[in-house]
Structure formats: C-alpha cells, structure tokens
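Inside the fold
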Amino acid sequence: MEIIAVIAVLFLAWLIWQLMRAKHFTQFKRQIIQELKPKVIASIIDEMAQTRTEQLPNTPAHQEATITYWSASAGRILQAALMREIVDEQWLKETGNLRNSQHLFHVERDKLHR
C-alpha cells in the first residue's frame, strides 16, 4: 500500500513539473508574439525600404505579403528575429529559452522558412 502512495506522489510531482514546463513554454511563445513580432515587422519594413529598386519595387503589397509570411507562426517570427539578428543564441541562453526555442522549432518545423 505504501508503494502505491509513493508512486502516486511521484506521479503527481512529475505532472506538476510538466505543467510548469508547459506554462514556461506558453509564456515564451507569448513573449515572441508580443515583443519580437513588432521588431521583426519594423526590420522588414526598414529592409524593404532600403532595398527598393526598379527590379524590386517593394510596394506596400509586397511588404504586407512579406510581413504576413514571417508573422504566420511563433516559430517563423523567432526564425526571422534570429536571421535579422534582432536576438541571438546568447539572448536565448540568458532568458532560459534555448530549450524552448529548440522545442518550438521542432513542433513548428512544417511552418518554418526553408
């Protein structure tokens, strides 16, 4: 009987730990959308304005399509932020989100830019 109680307590502790990890991951995704998305959009607009030529007119329609593409998922926003050097691997380590970013890229691998 005591073994069952110990197993139940261990299982409950494991479930609580998993809940804490899930909350941290959800908070990380929310941080990407709230903090990084505006910076990525501003970077896209700035880059498209600077690279505007006759061959690359970068009209508002082009900007809107590019922003829609890069804002489609939290993984793609993070990918754009890393590519545009808005954040780096050191930032992910400092915030404790390196493992969360790896998990996000794994979960959303079908949505990432190739």
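Keep in mind it's a predicted model, so treat the numbers as computed, not measured. (Residues numbered from 1 in each chain as written. Predicted model: local features only at pLDDT ≥ 70, side-chain atom pairs only at ≥ 80, totals over all residues. Heavy atoms only, no water.)

1. A look at the nonpolar core
As a reminder of what qualifies: The nonpolar core is taken to be a set of buried Ala, Val, Leu, Ile, Met, Phe, Trp, Tyr and Cys residues, with the residues joined through side-chain atoms within 4.5 Å. Relative accessibility under 20% of the residue-type maximum defines a buried residue, over 50% an exposed one, and the middle range a partly exposed one, all with a 1.4 Å probe and only protein chains included. Helix numbering and strand numbering both begin at the N terminus, where a helix is a DSSP run of H or I of at least 4 residues and a strand a DSSP run of E of at least 2. Any two residues having at least one pair of non-hydrogen atoms within 4.5 Å are treated as being in contact.
Ranked by internal contacts, the top residues of the largest apolar core, which has 18 residues, are Ile32, Leu36, Leu78 and Leu104. At the level of elements, helix H1 (2–50), helix H2 (60–70), helix H3 (74–83) and helix H4 (89–94) are the ones that each hand at least two residues to this core. Looking at this core element by element, the count peaks at seven residues for H1. If sequence neighbours within four positions are ignored, Leu78 has contacts with Phe28, Ile32, Leu36, Val87, Leu92, Ser101, Leu104 and Phe105.

2. Notes on the packing of aromatic side chains
Cut-off, in case you're wondering: Stacked, tilted and edge-to-face are the three classes applied to pairs of Phe, Tyr and Trp rings, where Trp contributes its six-membered ring and a pair requires centres within 6.5 Å; stacked means planes under 30 degrees apart, edge-to-face means over 60, and tilted covers the rest. A ring is considered to have a charge above it if a Lys NZ or an Arg CZ atom is located within 6 Å of its centre and within 35 degrees of its normal.
Summed over the entire model, instances satisfying the criterion amount to two aromatic pairs. Centre to centre, the rings of Phe11 and Trp14 are 6.1 Å apart; their planes meet at 25°, and the pair counts as stacked. Separated by three residues within a single helix, Phe11 and Trp14 lie in helix H1, roughly one turn from each other. Its relative accessible area of 48% is what places Phe11 among the partly exposed residues. Ring centres of Tyr69 and Trp70 lie 5.2 Å apart, and the angle between their planes is 85°; on these two criteria the pair is classed as edge-to-face. Taking relative accessible area as the criterion, Tyr69 reaches 34% and is therefore assigned partly exposed. A cation sits over an aromatic face here: Arg21 above Trp17, 4.7 Å from the ring centre. A cation sits over an aromatic face here: Arg76 above Tyr69, 4.0 Å from the ring centre.

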